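# Fold and geometry: a report
Next come the chains, spelled out residue by residue.
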Amino acid sequence: MSGVNDIRSTFLNYFAANGHEPVASSPLVPRNDPTLMFTNAGMVQFKNVFTGLEKRPYSRATTAQKVVRAGGKHNDLDNVGYTARHHTFFEMLGNFSFGDYFKEEAINHAWNLVTGEFGLDKSRLLVTVYSEDEEAATLWKKIAGFSDDRIIRIPTSDNFWQMGDTGPCGPCSEIFYDQGESVWGGPPGSAEEDGDRFLEFWNLVFMQFEQQAPGQRVPLPRPSIDTGMGLERMAAILQGVHSNYDTDLFRTLIAAIEDVIGSKAEGDARASHRVIADHLRATAFLIADGVLPSNEGRGYVLRRIMRRAMRHAKLLGARDPVIYKLLPTLIAEMGRAYPELARAEALTTETIKLEEKRFLTTLDRGLALLGTATETMSAGDMLDGETAFKLYDTYGFPLDLTQDALRQRDISVDLSGFTDAMNRQKAEARASWAGSGEKAADTVWFEIREREGATEFLGYETERAEGEVRTIVKDGGELKEAKAGDEVSVVVNQTPFYGESGGQVGDTGTMSGEGVRFEVSDTQKVANGLFIHRGRVSEGVLKVGAALELVVDGDRRSKIRANHSATHLLHEGLREVLGTHVAQKGSMVSPDRLRFDFSHPKPMDAAELSRVEAMANDLILENAGITTRLMAVDDAIALGAMALFGEKYGDEVRVVSMGGAKESGGKAAYSIELCGGTHARATGDIGLVHILSESAVGAGVRRIEALTGEGARSYLQEQDARVRRVAAALKTTPAEIGDRVEGLVDERRKLEREVTELRKKLALAGDGAGQSGGSTAREVGGVSFLGRVLEGVSAKDLKGLVDEAKGSLGTGVVVFAGVADGKASIVVGVTPDLTDRFNAVDLVRAASEAIGGKGGGGRPDMAQAGGPDAANAGAAIDAVEKALGSQSVAA
Ligand code: SER
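Summary of the structure given here. (Residues numbered from 1 in each chain as written. Predicted model: local features only at pLDDT ≥ 70, side-chain atom pairs only at ≥ 80, totals over all residues. Heavy atoms only, no water.)

This part covers the overall build of the protein. Check the secondary structure of the protein and you find 23 helices and 36 strands. Whereas a compact globule of 891 residues would reach a radius of gyration of roughly 29 Å, the protein reaches 42 Å, over 25% beyond that. Overall, the protein is about 145 × 60 × 55 Å in size when its C-alpha atoms are taken along their principal axes. For the protein, the proportion of its 891 residues judged to be buried stands at 52%. Nonlocal contacts in the protein, meaning residues at least 24 apart in sequence, comprise 67% of its contacts between residues at least 6 apart. Accessible area of the protein: about 38500 Å², with a carbon and sulfur share of 49%. In the protein, 102 side chains carry a positive charge and 128 a negative one; their mean positions are 4 Å apart. (Helix = DSSP H or I, 4+ residues; strand = E, 2+ residues; numbered from the N terminus. Rg over C-alpha atoms; globule rule 2.2 N^0.38 Å. Buried < 20%, exposed > 50% of the residue type's maximum accessible area, 1.4 Å probe, protein only. Contact = heavy atoms within 4.5 Å. Areas by Shrake-Rupley, 256 points an atom, 1.4 Å probe, with all protein chains shown as cover. Lys, Arg positive; Asp, Glu negative; His and termini not counted. Charge placed at Lys NZ, Arg CZ, Asp CG, Glu CD.)

Laid out in structure tokens, this is it:
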């Protein structure tokens, strides 16, 4: 039973059998607390259950919780490798009561499990209690039969547990195991308590209060229980070893390190093996929970851990990347209990390898610099801050790595000199952006960015998390608070909201806390990684410092994810169908639709479009996995990733792949792109893609617009309904409407031709319906005159009719007034033999006046005019007739 995996399951089974709900470990990045860097105890995920804010369907729970204590209130990083007990990552086994049982039952369970299931020798156990907690002391006497000397009363914060500066807290009682006289050390509270002899392995916290702010402590609604047992420590006790690093799990990891690096864990080298084994676990678990190495926040803690491990690998003689090679051993040991390790294996392997490759290029040179700088130093000396900063800035040495490297020689680092150098560099950076011509309104963001650091984006992993309000901005100025109705921009320390970038629109949603609510209508990413949430306070007063629950509109985000992933599929499809000259020129990914601009010299035809669409839908039907990895740009491009020309990428890039290699014609996946956006989990989530249009946006640049999922489905449904309606109206089936409509169009064309012919005939034959102004030519002023109003004849047909009339008249003047669409048009024709006597232009002007026109124009033999007074068409003809008479008289 003493293997780590067995101990874990014995613990969980014991409490499950005693009415506790087994709950999975929460991620290392806490979703429910903005003040914590990492999950540092089992109770973190239940924080709001203790305070009564959150309800769960159970009042007892048990967990094996992943914990990282590096950075933040509980930080063990510096001790790792040099003590038998410290870890950056460890597993905490716990049982919890949410207002159900309290002290007595908690102590009872602890005693039963430890002495019963685990079979520890009672005579080796002792406990501490908080000095004011007489009740706990009495209970230990009663339950364990301990005499007073085995119950040590501690008056300090060691026996008052707090999660952080705020949160649930209470007095605690710790259980210790005496490893015997052969190990140096004294009982807790004694001068030798730091020795290893008395080993604390289980902390029972009697949760009674909530620390709401410094000096402000209120009772919890109901007293509760939170316990935490260090799994590694329990394993050491049960396996009879004095160091956690000698337990089965660590022995296996250390053997793998010996193997991969070729260095035995002996003598001084042992510390390095331990550091690597510990840091490997922290690294793999953090990456699996979405943290990636970076230069700020959580990512920087991870980077520090990784680089520290790398220096120790180097000390052991490793020249090439080695740490990533240890991952399979870790997964074999811990992958059953934590399946996320195996799920993230590809990402973790590449992330570690990349970090190793990059850091190894500067590690040697940095170590050489450090060697020279400290050559003449001896124990007790101090390295200057400038050199430490140069190592940090130029060689990528985190400060603690430098400190760690000098530790064995007992040389310290001038921390204030380091800080001065750092501040000087920041001042230079500030001067450069201040002079970069940014708009005054924008400089506020740079100032905030510099003060607060980049916003930590949690939205790849979650759509809900707590964040702490860092500042509120209105009209370019910072505020301490904003009240209901105010439209402001809010910056928080960490956010699940995606800030608009890379064509993907920003998220919307809400931020809320007790009595306050902020509706986020847009999120933007500015000033190199600062996320600003724009919106309106809809309730209460929003204050700087408030911890709020940030909730992204998940439905909208799912649509955005689907559209973004669809964009990648269409991009690849376009390249396959049109050729590799297709390159992305821009895109817009919103919840409703997507737009993708690409280089291509000519319009796509229908067959090409439908092939691109079909290829994307094939991949969707396959429900291929979508994976994201972090890589060096060059490696990503070597892998076949499509990078955007002219786009700026950092040293590391996210690489999004979709589909298998089999459809890809030699690449590692169907689609591989550098992309910082959020994506669907599998192509099947897209549901369906439908291209709406293809058009030109500029020279050589085309645009397609498309819909996915729900949007595509309802669009196609509406389209289908329209087709059915048309088919019904045409009295045919949807399948035949095409032929039917073509037939109708032909028929209509034929009919139009016939109508035109008939109109002409009618116009020339005279005496038909719709005519006025006389039927046959008359003598006016000594010439033949034919004048008619033709209803329904448009301007465009009039000229031809006048021409024909002139032809059949032989000699004379023709005036036709066409009336159509409430307007009148007049055409006057004069046969060639008469143009020296009558000018068609003059005649048409006379007519134009009658129909409210503005003159007219043409040639002496044919002129045209138009006007709005269709009712006066007859009068217009009369006007020409009159003009003709008077001209002839004059002639
Ligand atoms: N919260 C306590 C601890 O971390 C008990 O789980 O020690």
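Right, picking up where we left off after that structure.
This part takes up the nonpolar core. Formed by 113 residues in total, the largest nonpolar core has its most connected members in Trp140, Phe201 and Trp202. For this core, the leading source of residues is helix α7 (residues 269-288), giving 10 residues. When near neighbours in sequence (up to four residues on either side) are disregarded, tryptophan 140 contacts Ile107, Trp111, Val127, Val129, Gly145, Phe146, Ile151, Ser173, Ile175 and Leu204. Ranked by size, the runner-up nonpolar core spans 30 residues in total, among them Met658, Cys675, Ala680 and Ile691. (Core = buried A, V, L, I, M, F, W, Y, C linked by side-chain atoms within 4.5 Å.)

In this structure, serine 25 sits in the loop between β1 (21-22) and α2 (47-50). Here glutamine 65 takes part through its side chain, which lies 3.1 Å from a polar atom of the side chain of serine 25. Side-chain polar atoms of serine 25 contact the backbone nitrogen of lysine 66, separated by 3.0 Å. Those residues in contact with serine 25, other than ones at most four positions away along the chain, are Gln45, Ala64, Gln65, Lys66 and Tyr338. (Polar contact = N/O pair within 3.5 Å; in protein donor to acceptor, adjacent residues only side chain to side chain.)

Here we have 4 strands laid out as an open sheet, ordered β23-β24-β29-β28, and antiparallel in their pairing. In the strand order of this sheet, the two ends are held by β23 (584-589) and β28 (689-698), each with one partner. Averaged over neighbouring strand pairs, the angle between their axes works out to 15° when direction is ignored. Taken together, the 8 bridges between β28 and strand β29 (residues 701-708) define a ladder with antiparallel strand orientation. Bridged to serine 693 within β29 is glutamate 705. In the packing of helix α16 (residues 554-578) onto the sheet, contacts are made with β23, β24 (594-599), β28 and β29, and the angle to β24 comes to roughly 25°. The sheet strands contacting helix α17 (residues 606-622) are β28 and β29, and the helix crosses β28 at an angle near 135°. (Pairing = 2+ DSSP bridges. Axes fitted to C-alpha atoms, helices over the stretch in contact; angles between N-to-C directions.)

On to the site of the ligand. Taken together, Ala41, Met43, Arg69, Met92, Trp161, Asn203, Val205, Asp226, Thr227 and Gly228 make up the full set of residues near the ligand. Separating an oxygen atom of the ligand from a side-chain N or O atom of aspartate 226 is a distance of 2.7 Å. Relative to its free-state accessible area of 230 Å², the ligand is covered by the protein chains to the extent of 95%. Among the elements of the structure, β8 (198-213) and β9 (216-230) are those that each provide at least two residues to the shell around the ligand. (Near = heavy atom within 4 Å.)

The next subject is the packing of helix α6 (residues 248-262) against α7. The N-to-C vectors of α6 and α7 enclose an angle of 110°; their axes lie 9 Å apart at closest approach. In terms of orientation, α6 and α7 fall into the roughly perpendicular class. Remark: the crossing between α6 and α7 carries right-handed chirality. Across the interface between the two elements, Leu249, Phe250, Leu253, Ile254, Ile257, Glu258 and Ile261 of α6 pack against His273, Arg274, Ile276, Ala277, Asp278, Leu280 and Arg281 of α7. For the contact of α6 with α7, the per-class residue count stands at 9 nonpolar, 1 polar and 4 charged. (Parallel < 35°, antiparallel > 145°, perpendicular 65-115°, else oblique. Left-handed = near helix turned anticlockwise from the far one by under 90°. Nonpolar A, V, L, I, M, F, W, Y, C, P; charged D, E, K, R; others polar.)

Pairing of strand β4 (residues 125-130) with strand β5 (residues 151-154) involves 4 bridges; the strand directions are parallel. Residue pairing across strands places threonine 128 opposite isoleucine 152, the latter belonging to β5. At this point the chain moves from β4, through helix α4 (residues 134-144), to the parallel β5, and the crossover so formed is right-handed. (Right-handed = clockwise from strand over helix to strand, strands pointing away.)

This part is about the environment of histidine 86. Summarising the element assignment, histidine 86 is placed in the loop between β2 (60-68) and β3 (89-97). Each C-alpha atom, one on histidine 86 and one on valine 755, is 98 Å from the other, the two residues being 669 residues apart in sequence. Ignoring sequence-local partners within four residues, the contact set of histidine 86 consists of Asp76, Asn79, Val80, Tyr245 and Asp278. A polar contact of 2.9 Å, which involves the side chain of histidine 86, links it to the side chain of threonine 83.

Taken in spatial order, the 3 strands line up as β25-β26-β27 in an open sheet, and their pairing is antiparallel. Edge strands, defined here as strands with exactly one partner in the open sheet, are β25 (626-632) and β27 (671-674). Taking each pair of neighbouring strands and ignoring which way they run, the sheet shows an average axis angle of 25°. As paired elements, strand β26 (residues 652-658) and β27 share 4 bridges and run antiparallel to each other. Bridge pairing in β27 links valine 655 to leucine 674. In the packing of helix α11 (residues 345-374) onto the sheet, contacts are made with β25 and β26, and the angle to β25 comes to roughly 5°.

Relative to the helices and strands, asparagine 159 resides in the loop between β5 and β6 (160-162). A relative accessible area of 1% means that asparagine 159 is categorised as buried. For asparagine 159, the side chain forms a polar contact with the side chain of threonine 128, separated by 2.9 Å. The contacts of asparagine 159, once residues within four sequence positions are left out, are Thr128, Val129, Tyr130, Ile154, Pro171, Cys172, Ser173 and Glu174.

Taken as a whole, this structure holds 26 aromatic pairs when the rule is applied. For the pair phenylalanine 11 and phenylalanine 15, a centre-to-centre distance of 4.9 Å together with 50° between the ring planes defines the contact as tilted. One end of the pair, phenylalanine 11, and the other, phenylalanine 15, are both in helix α1 (residues 4-17), 4 residues apart, so they sit about a helical turn from each other. A centroid spacing of 4.2 Å and a plane angle of 15° characterise the contact between phenylalanine 89 and phenylalanine 285, whose relative ring orientation is stacked. Placement of phenylalanine 89 in strand β3 and of phenylalanine 285 in helix α7 is noted, with a sequence separation of 196 residues between them. By relative accessible area, which is 0% here, phenylalanine 285 ends up buried. Connected via pairs of aromatic rings, a cluster forms that spans Phe11, Tyr14, Phe15 and Trp202. Its guanidinium or amino end placed over the ring of phenylalanine 209, arginine 217 lies 5.9 Å from that ring's centre, counting from NZ or CZ. (Phe/Tyr/Trp six-rings, centres within 6.5 Å; stacked < 30°, edge-to-face > 60°. Lys NZ or Arg CZ within 6 Å of the ring centre and 35° of its normal.)

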